[in-house]
Amino acid sequence: MSGEKSGAKPAAALWTALQRAGEPGLERGPRPGVADEPAVRAQVAAAMPTATPERARDLLLAAALLWHDHLDAAHAIIQAREGDADADWLHAMLHRREGDLANAGYWFDEVAGHPLEAALAAPALAAGLTELVEGGRWRPRAGVAALRAPGARRGALAALQAEEFRLLVVRLLQAPTV
């Protein structure tokens, strides 16, 4: 296959590149162990499947930058793709991470019905975050509100956020033109 990456391998390679820093917190960061921006860009480029369309490349890079706490660089990429449901989902995640919860809620409202809502229901239930699931769908705005609650289950919410990243990476690699 002359170096061409296909199937589950690209998702695994990109996911491994993301995880080098450990799970991102629910706050802006920076946290110990993150790669600097040039290193993140190089890791993503090295793990990227050759035939990945530009849209998916941009959004995968934005996700990696967000994971590694480079919010400004991620924001620039995401804003350039405004109106794309996956970019707008990332936009919501970014504002949630930076603590702008009202803006995060706005962007999650913009992408209501996104396939990640259904995909995140089972992990949310498994994490005991039953109040965040309704009708078999994760309610992202409820997840934003949960961050404001005293005694919020931050560990469970952070683990759900990591799964949200993973599912988005897989989605972008499996359906890069959607």
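The structure displayed is predicted, hence computed values, not measured ones. (Residues numbered from 1 in each chain as written. Predicted model: local features only at pLDDT ≥ 70, side-chain atom pairs only at ≥ 80, totals over all residues. Heavy atoms only, no water.)

*Asks:* Go over the packing of helix H3 (residues 54-67) against helix H10 (residues 154-174) with me, naming the residues and quoting the values.
*Replies:* The contact between H3 and H10 brings their axes to 10 Å, and the two run at 165 degrees. With respect to H10, the element H3 is oriented roughly antiparallel. Crossing of H3 against H10: the hand is left-handed. Judged by residue contacts, Arg55, Ala56, Leu59, Leu60, Ala63, Leu66 and Trp67 of H3 engage Ala162, Phe165, Val169, Leu172 and Leu173 from H10. Each residue belonging to the contact of H3 with H10 can be placed in one class, and the counts come to 11 nonpolar, no polar and one charged. (Axes fitted to C-alpha atoms, helices over the stretch in contact; angles between N-to-C directions. Helix = DSSP H or I, 4+ residues; strand = E, 2+ residues; numbered from the N terminus. Parallel < 35°, antiparallel > 145°, perpendicular 65-115°, else oblique. Left-handed = near helix turned anticlockwise from the far one by under 90°. Contact = heavy atoms within 4.5 Å. Nonpolar A, V, L, I, M, F, W, Y, C, P; charged D, E, K, R; others polar.)

*Asks:* Which residues make up the pattern of salt bridges, and what are the values?
*Replies:* Overall, the coordinates contain 16 salt bridges when judged by the stated rule. A salt bridge links Arg97 to Asp69; the shortest N-O distance between them is 2.2 Å. Within this pair, whereas Arg97 is found in helix H5 (residues 85-98), its partner Asp69 is found in the loop between H3 and helix H4 (71-80), the two being separated by 28 residues in sequence. Among the ionic contacts, a cluster of salt bridges with common partners joins Arg55, Asp84, Asp86 and Arg171. (Salt bridge = Lys/Arg side-chain N within 4 Å of Asp/Glu carboxyl O.)

*Asks:* Lay out the packing of H3 against H5 with the relevant residues and their values.
*Replies:* Two elements in contact, H3 and H5, have axes whose closest approach is 11 Å; the angle formed by their N-to-C orientations is 10 degrees. As the angle between them shows, H3 and H5 are arranged roughly parallel. Along the contact surface, H3 presents Arg55, Leu59, Ala62, Ala63, Leu66 and Trp67, while H5 presents Asp86, Ala87, Leu90, Met93, Leu94 and Arg97. Residues that form the contact of H3 with H5 fall into these classes: nine nonpolar, no polar and three charged.

*Asks:* Describe empty space enclosed by the protein, listing the residues and the values that go with them.
*Replies:* For the structure on display, the rule yields two cavities of 30 Å³ or more. If you trace the largest cavity, you find it lined by Leu26, Arg96, Leu132, Trp138, Gly143, Val144, Leu147, Leu157, Leu160, Gln161 and Glu164. Secondary-structure elements contributing two or more residues to the lining of the largest cavity are helix H9 (140-148) and H10. Among the elements that line the lining of the largest cavity, the one with the most residues is H10, at four residues. By residue class, the composition of the lining of the largest cavity is seven nonpolar, two polar and two charged. (1 Å grid on protein atoms, 1.4 Å probe; cavity = no way out; pocket = protein on both sides within 12 Å on 5 of 7 lines; lining within 4 Å. Points joined across faces, edges and corners; volume = space filled by probe spheres on them.)

As far as function goes, none of this settles anything; it's purely spatial.
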